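Listed below are the residues making up each chain.
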Amino acid sequence: MGSASAISLCSHPKILLRPLTNKQRLQSQCQSQGSGSAWLGYRTQGVFLSPILLRRRRCLAVKAASAAEGGSRRPASARRVYRESQSASSLPVAPVKQLASFVVPAASFFAVTFVLWKLVEKILVPKRQRTSSVENKTPAEGMKWSFAAGSNLLTGFGAKIERESKLKLNDFAKELRSFRSVDLSGRNFGDQGLFFLAESLGYNQTAEEVSFAANGITGTGMKAFDGVLQSNIMLKTLNLSGNPIGDEGVKCLCNMLVNNNGIQKLQLNSTDLGDEGAKAIAEMLKNNSSLRALELNNNMIDYSGFTSLAGALVENNTIRNIHLNGNYGGALGANALAKGLEGNKSLRELHLHGNSFGDEGVAALMSGLSLHKGKLTLLDIGNNSFSAKGAFHVGGYVKKTKSLLWLNVYMNDIGDEGAENIADALKQNRTITTIDLGGNNIHAKGVTAIAEALKDNSVITFLELGYNPMGPDGVKALSEVLKFHGNIETLKLGWCQIGAKGAEFIADMLKYNTTIRVLDLRANGLRNEGASCLARSLKVVNEALSSLDLGFNEIRDDGAFAIAQALKANEDVTVTSLNLASNFLTKFGQSALTDARDHVYEMSEKEINIFF
């Protein structure tokens, strides 16, 4: 029992008691009087002890002393101290502890919440600034405002963009002063940018070709050229295509070009140009003597506009090329244009693709060209909705012309009868080198007629017959002739439904032909059988064929393996381009072709570009 009391006493921390000084005793008395509690005149290391604690320590000290003496009797002083300690310990300590355990966490929670709320309020809610008279003032002169959503929220960012735009425009201006050919298309600098750049053109001594295409330039922007085009003699080509200039903008431009002696090529494709704009161009052509090429493709020029341009052709003797593709000429427009062609002597190229002339319009146009006193070398009348009747008039013109080199009759519907008419004319013509008859619903009969014409014609070097359902019979007739006749260098037979059987005829022809350099057989359903047939012909020495297109033919790995072996076997192969894209090749077929390509390069140092 005594040892337990001794251990309990020794387990308490050691507290040194020091007597208070007079000054500290006086302070303690003042505190006890103000608080109603009696504090003893002792302190520990900076800690004042209450009477309860001192009494408990005295009790513990008495217990320890009695236990050390071994007596069981408690002295009177000890009993007195014990009773006093028991009376002091009867104070309500437990309720105070329970209250403290609840109040302290709650107070801490409310304090932390208050601090966090104030912090969030300070960050998210901007301070209200005092109003000043500056807010009621109007913007300073020169300040730019935008009413687009959110455009005025970041003025600093807008200023940065404006600075960068000016820097870019300065770079563009330097290009105009430094290079002969400058392409500024698709930069979207608009009218304001054009006004800035036009100043550089005014003092231009270098740039000869400039493209401002697709930059959002409107008719207002054309005023930027005022005083520039009249004095500039270096600029030869001006491209304004893809800008919504409209008729008013074209009128403004034409007024400046009347006295211009430098520009030779003007491109106004897709510029929302209509009949009024075409009329302004026609008036300009009557006085301008420097313009050689005029492009007005994909606009809204109707019969009236064609009539105006036709009138200008009668008076203008310097224009060489006119592009009117994708407009709305119709039969009446073709008839008006034909009258203008009769009196013109300078025209060399006439591009009239996609104007819905029909048979009547084509007939009138061919009549005017037959009376044309100039030397027309290129005629494009593709996609004009004419049939065999129109082809009959085309054939009549082909027989008469002594200058035409390039004829495009693509995407009409002349059929076999129309093909026979043109084939008959080709037997007599000795000038046309390029002819496009693709997409005209020509079958085996019409192709056979064209093949017969090639027996006596060694002038044609480019023949397009794609998108015609000639089938195996048509390609057989053509192949039989091309074995030993004709001078075809480029033969296009894509989408002609020739199949694997037709590939056999072509493969047999390639063994003997010495002129075909480019062969297009896309989308003919050749499959592995057709590819294997062509591979056998590639093993034979062919000094001409350099480009073979077999895309969209459902060829699989077996066909690729056959072609790869053919390339390896022929040491003198001349093929430099092989297209097998959009087939059914796996990595094995592709690997075989790649290996064949590497082999050819190692053996002969010839490079073959293979496209999968």
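This structure is a prediction, so every number in the text was calculated from the model and none was measured.

Q: Any chance you could explain the overall build of the protein here in plain terms?
A: Within the protein, the regular secondary structure consists of 20 helices and 18 strands. Of the contacts formed within the protein by residues at least 6 apart in sequence, a portion of 84% connects residues at least 24 apart.

Q: What should I look at first to understand the packing of helix 16 (residues 471-482) against helix 17 (residues 499-510) in this one?
A: Each packed pair of helices is defined by two parameters, the angle between the axes and the distance between the axes. Orientation of helix 16 relative to helix 17, taken along the N-to-C sense of each, is 5°, at an axis distance of 9 Å. With respect to each other, helix 16 and helix 17 are oriented roughly parallel. Across from Pro472, Val475, Lys476, Ser479 and Leu482 in helix 16, the residues of helix 17 making contact are Lys501, Gly502, Phe505, Ile506 and Met509. Looking at the contact of helix 16 with helix 17 residue by residue, the classes come out as 6 nonpolar, 2 polar and 2 charged.

Q: Help me understand empty space enclosed by the protein, please; the structure alone is not making it clear to me.
A: The gaps of empty space that remain are located by a probe, the size of a water molecule, rolled over the atoms. Applying the stated criterion across every chain yields a total of 2 cavities of 30 Å³ or more. Together, Leu510, Ser537, Leu538, Val540, Asn542, Leu545, Asn570, Asp572, Val573, Thr574 and Val575 line the largest cavity. When its volume is computed, the second largest cavity comes out at roughly 50 Å³. Of all elements in the fold, only helix 19 (557-569) and helix 20 (587-604) reach the threshold of two or more residues within the lining of the second largest cavity. With 4 residues, the top contributor of residues to the lining of the second largest cavity is helix 20. When grouped by side-chain class, the residues that make up the lining of the second largest cavity number 3 nonpolar, 3 polar and 2 charged.

Q: Is there a simple way to explain the confidence of the model for the protein in this structure?
A: Regions with low pLDDT should not have their predicted coordinates read in detail. A residue-level look at the protein finds 73% of positions with pLDDT of 70 or above and a mean pLDDT of 81. Confidence over residues 85-94 falls short of pLDDT 50; this stretch has 6 contacts with residues more than four positions distant or in other chains.

Q: Would you take a moment to explain the pattern of salt bridges for this structure?
A: Side-chain pairs of opposite charge can arise whenever the charged atoms involved come near each other. Enumeration according to the criterion identifies 17 salt bridges in this entry. A salt bridge links Arg180 to Glu209; the shortest N-O distance between them is 3.7 Å. Here the residue Arg180 occupies a position in the loop between helix 6 (155-178) and strand 3 (181-183), and Glu209 occupies one in strand 4 (residues 209-211), the gap between them amounting to 29 residues. Of the residues examined, Glu209 reaches a relative accessible area of 32% and is grouped as partly exposed. A network of salt bridges, in which partner residues are shared, links Arg180, Glu208 and Glu209.

Q: How should I be thinking about helix 20 in this particular structure?
A: An α-helix turns once per 3.6 residues; consequently, residues spaced three or four apart project the same way. Taking 1.5 Å of rise per residue, 18 residues should cover 26 Å, and helix 20 covers 26 Å from first to last C-alpha, within 8% of that figure. Within the sequence span of helix 20, burial applies to Gly589, Ala592, Leu593, Ala596 and Val600. An end-on view of helix 20 places all buried positions within 95° of arc, on one side of the element. Away from its buried face, by an angle of more than 90 degrees, helix 20 presents the exposed residues Lys587, Phe588 and Glu602. Close packing links the buried residues of helix 20 with helix 19 and strand 18 (609-611). Backbone geometry just after helix 20 places Glu605 at a positive phi near 60°.

Q: Explanation requested: the nonpolar core in the structure shown.
A: Here is a general trend for soluble globular proteins: nonpolar side chains tend to be buried in one another's company. Among the nonpolar cores identified, the biggest contains 137 residues, and Phe212, Phe225, Ile281, Leu379, Leu493, Ile506 and Leu550 are the most heavily contacted of them. Ignoring any residue separated from it by four or fewer positions in sequence, one finds Phe225 in contact with Leu194, Leu201, Phe212, Gln230, Leu238, Leu240, Leu253 and Met256.

Q: Please clarify how unusual backbone geometry should be interpreted in this entry.
A: Even without glycine at this site, Ser385 takes up a positive phi of about 60°. With respect to the element layout, Ser385 can be found in the loop between strand 10 (378-380) and helix 13 (388-400). For Ser385, a relative accessible area of 56% corresponds to the exposed category. You will see that Phe552, though not glycine, has its phi angle at about 60°, which is positive. Residue position: Phe552 is located in the loop between strand 16 (547-549) and helix 19.

Q: Can you walk me through the environment of Gly471 in this structure?
A: Within the secondary structure, Gly471 is located in helix 16. Gly471 sits 27 residues away from Ala444 along the chain, and the two C-alpha atoms are 6.7 Å apart. Leave out the neighbours within four places in its chain, and Gly471 touches Cys496, Gln497 and Ile498.

Q: I tried to follow the environment of Leu379 on my own but got confused; where do I start?
A: Assignment of secondary structure puts Leu379 in strand 10. With 28 residues separating them in the primary sequence, Leu379 and His351 have C-alpha atoms 6.1 Å apart. Dropping the residues within four chain positions of it, Leu379 is found in contact with Leu350, Met366, Leu369, Tyr397, Leu404, Trp406, Leu407 and Asn408.

Q: How should I be thinking about the packing of aromatic side chains in this particular structure?
A: The geometry of two aromatic rings is summed up by the distance between their centres and the angle between their planes. In this structure the tally under the stated criterion is 6 aromatic pairs. Their ring planes at 85° and their centres at 6.5 Å tell us that Tyr410 and Tyr467 sit as a pair that is edge-to-face. Linking Tyr410 in the loop between strand 11 (406-408) and helix 14 (415-426) with Tyr467 in the loop between strand 13 (462-464) and helix 16, this pair joins segments that are 57 residues apart in sequence. Summarising the aromatic geometry, the rings of Tyr467 and Trp495 are spaced 4.9 Å apart at their centres and angled 5° between planes, so their arrangement reads as stacked. Of the two residues, Tyr467 is situated in the loop between strand 13 and helix 16 and Trp495 in the loop between strand 14 (490-492) and helix 17; the sequence distance between them amounts to 28 residues. Classification of Tyr467 by relative accessible area gives partly exposed; the value is 41%. An aromatic cluster of at least three residues, connected via ring pairs, comprises Tyr410, Tyr467, Trp495 and Phe552.

Q: Before we go on, may I ask you to explain a nonpolar patch on the surface in this structure?
A: A surface patch of nonpolar side chains, amounting to about 310 Å² of accessible area, comprises Tyr467, Trp495 and Phe552. Residue Phe552 is classed as partly exposed on the basis of its relative accessible area of 46%.

Q: Mind showing me how you'd approach helix 16 here?
A: In a regular helix each residue adds 1.5 Å, so 12 residues correspond to 16 Å; helix 16 covers 17 Å between its end C-alpha atoms and thus fits that length. For helix 16, the elements touching its buried residues are helix 15 (444-456), strand 14 and helix 17.

Q: Please clarify how the packing of helix 17 against helix 18 (residues 527-538) should be interpreted in this entry.
A: Look at helix 17 against helix 18: their axes get within 8 Å of each other, and the N-to-C directions meet at 5°. As the angle between them shows, helix 17 and helix 18 are arranged roughly parallel. Along the contact surface, helix 17 presents Ala500, Ala503, Glu504, Ile506, Ala507 and Leu510, while helix 18 presents Glu529, Gly530, Cys533, Leu534 and Ser537. Residue classes in the contact of helix 17 with helix 18 are distributed as 7 nonpolar, 2 polar and 2 charged.

Q: Sorry if this is basic, but what is going on with the side chain of Asn355 here?
A: With respect to the helices and strands, the residue Asn355 is situated in the loop between strand 9 (349-351) and helix 12 (358-370). On the accessibility criterion, Asn355 (1% relative accessible area) is buried. In this structure the side chain of Asn355 is engaged in a polar contact, spanning 3.2 Å, whose partner is the backbone nitrogen of Gly329. Within polar-contact distance, the side chain of Asn355 engages the backbone oxygen of Leu352 at 3.2 Å. Beyond its immediate sequence surroundings of up to four residues, Asn355 is in contact with Phe306, Leu324, Asn325, Gly326, Asn327, Tyr328, Gly329, Gly330, Asn383 and Asn384.

Thresholds, definitions, all that
Residues numbered from 1 in each chain as written. Predicted model: local features only at pLDDT ≥ 70, side-chain atom pairs only at ≥ 80, totals over all residues. Heavy atoms only, no water. Helix = DSSP H or I, 4+ residues; strand = E, 2+ residues; numbered from the N terminus. Contact = heavy atoms within 4.5 Å. Axes fitted to C-alpha atoms, helices over the stretch in contact; angles between N-to-C directions. Parallel < 35°, antiparallel > 145°, perpendicular 65-115°, else oblique. Nonpolar A, V, L, I, M, F, W, Y, C, P; charged D, E, K, R; others polar. 1 Å grid on protein atoms, 1.4 Å probe; cavity = no way out; pocket = protein on both sides within 12 Å on 5 of 7 lines; lining within 4 Å. Points joined across faces, edges and corners; volume = space filled by probe spheres on them. pLDDT = per-residue confidence, 0-100. Salt bridge = Lys/Arg side-chain N within 4 Å of Asp/Glu carboxyl O. Buried < 20%, exposed > 50% of the residue type's maximum accessible area, 1.4 Å probe, protein only. Expected span 1.5 Å × (residues − 1). Arc of directions from axis to C-beta. Core = buried A, V, L, I, M, F, W, Y, C linked by side-chain atoms within 4.5 Å. Phe/Tyr/Trp six-rings, centres within 6.5 Å; stacked < 30°, edge-to-face > 60°. Patch = residues over 30% accessible without salt bridge, like charges linked within 9 Å, V, L, I, M, F, W, Y side chains within 5 Å. Areas by Shrake-Rupley, 256 points an atom, 1.4 Å probe, with all protein chains shown as cover. Polar contact = N/O pair within 3.5 Å; in protein donor to acceptor, adjacent residues only side chain to side chain.

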